[in-house]
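Structural features, examined
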Amino acid sequence: MQNFFETLKKSFFPGPKAEPLPPGIYHYQAPEDDPLNYRLHLRLEEGGAGLLIINAATVLHLNQTAAEYAYHIVRQTPLEDAIESIQRRYDVSRTDILNDFSNLKEQIQTLIELPDLDPVTYMDMDRHAPYSDAITAPYRLDCAITYQVPESASTEVAPIQRVDRELTTQEWKDILSKAWQAGIPHVIFTGGEPTLREDLAELIAAAEENGQVTGIVTDGYKLSDSNYLHTLLSAGLDHTLIVLQPEDEKSWESLASFSFWSETMDEDLFVAVHLTLTDENKHNFQSLIEKLALAGVTAISLSTNSKSLTQELKNAQEFAYAKDLELVWDIPVPYSALNPIALELENAEEEVNTVSGAGRGWLYIEPDGDILPGQGINQVLGNFLRDEWEMIWQAAKTFWE
């Protein structure tokens, strides 16, 4: 898998810069007789970079060169016309253009067919500064659809005092449509505990119908019910982050049951597990990571609830790499733990807006529709239901500029 992604990233190298193509969103739906039965959405940025959304399941970040090839694939430009257009704009031979088209088409096909794929993939972009370019909209919307928590959990883990009501199903659907029209390709449903909303599958289906990639952040308890899990998968769920409570045996049992059902399902689902490093578990934290690896977990998210544990967290990161675990670093977690982006920061409070991508790479919506730059950053930029998108995005730009 890693070799494939390295090949993918190296397939396109920026040549002499041409004027970027016009920004916009473009769509292609394969005909019914196509055995791959796929759909593509391409979002071109003002600077020429792009986002290619494959089957509403994978967001592929493209540099300007790769984005231009993708543009012709999505627009179904006749090959000779595409070659002529690229030759006019770049100093590249016909043979190289044909090879690049062939490579990109093969890579798209591979991404369509790969099981359990990470929802976000980068092509020839700097992974350490993914939110530094000028963009027309964030890449992701984190939707806290409820601040409800299970009866066994403390209400202190969710800021229920911040909201006076929860949006209705239709209001959330309106928000998802508004986000899609603004060009936001990726939606994560979080909380609180999102599976406590009876309409979660309906909201996932609405995002899927738009063409958005969807994920959930959950304690995983309800996912041990195979019927419920199948309902979410059938609605179009692409990935999930399970927040493990290592001291709770029920949490381990749920994870084991979910792992069994996910292995026997035909649908593809990327699964990661989140662990929070604390003073109480710091001495056996690496053994918890090893236990997850032995259980068949392939991707984990790490955070800490104490800045004094920064070095221990970095050590845990290296240990996870040594166990061949993929580290998911920018998926939100509920208010019961810090965002995993803390792993990348020396001083989260000073650098949160420039490094983590809060307010730029993603926005966070509370259960009443108020929008924040990111989870826990209590600066209201507007209300996604009531306010115009242009006003919200301008407020976000003010935050991170």
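Rules used in this analysis
- Residues numbered from 1 in each chain as written.
- Predicted model: local features only at pLDDT ≥ 70, side-chain atom pairs only at ≥ 80, totals over all residues.
- Heavy atoms only, no water.
- Helix = DSSP H or I, 4+ residues; strand = E, 2+ residues; numbered from the N terminus.
- Buried < 20%, exposed > 50% of the residue type's maximum accessible area, 1.4 Å probe, protein only.
- Polar contact = N/O pair within 3.5 Å; in protein donor to acceptor, adjacent residues only side chain to side chain.
- Contact = heavy atoms within 4.5 Å.
- Axes fitted to C-alpha atoms, helices over the stretch in contact; angles between N-to-C directions.
- Parallel < 35°, antiparallel > 145°, perpendicular 65-115°, else oblique.
- Nonpolar A, V, L, I, M, F, W, Y, C, P; charged D, E, K, R; others polar.
- Core = buried A, V, L, I, M, F, W, Y, C linked by side-chain atoms within 4.5 Å.

**With respect to the side chain of T304**
For T304, the position within the fold is in strand β11 (residues 299–304). According to the relative accessible area criterion, T304 is buried, its value standing at 4%. Within the structure, the side chain of T304 is placed 3.0 Å from the backbone oxygen of L277, a separation counted as a polar contact.

**Brief notes about the environment of E208**
Counting through the fold element by element, E208 comes out in helix α6 (residues 200–210). Through-space distance from the C-alpha of E208 to that of A56 is 6.5 Å; in sequence the pair is 152 residues apart. Not counting residues up to four positions away in its chain, the partners in contact with E208 are R39, A56, T214, A235 and G236. Here R39 takes part through its side chain, which lies 2.5 Å from a polar atom of the side chain of E208.

**A word on the packing of helix α2 (residues 64–74) against helix α4 (residues 94–113)**
Two elements in contact, α2 and α4, have axes separated by 10 Å at closest approach and are oriented at 75°. Viewed along their axes, α2 and α4 adopt a mutual orientation that is roughly perpendicular. Residues A66, Y69, A70, H72 and I73 of α2 touch α4, and the partners they reach there are D96, I97, D100, F101, L104, K105 and I108. Class assignment for the residues of the contact of α2 with α4 results in eight nonpolar, one polar and three charged.

**Focus: the nonpolar core**
By size, the foremost hydrophobic cluster in this structure holds 71 residues, and its most contacted members are L141, F189, I289 and F384. One finds Y38, V74, F101 and L104 within the second-largest nonpolar core, a separate group that totals 32 residues.

In short, shape yes, function no, at least from these values alone.
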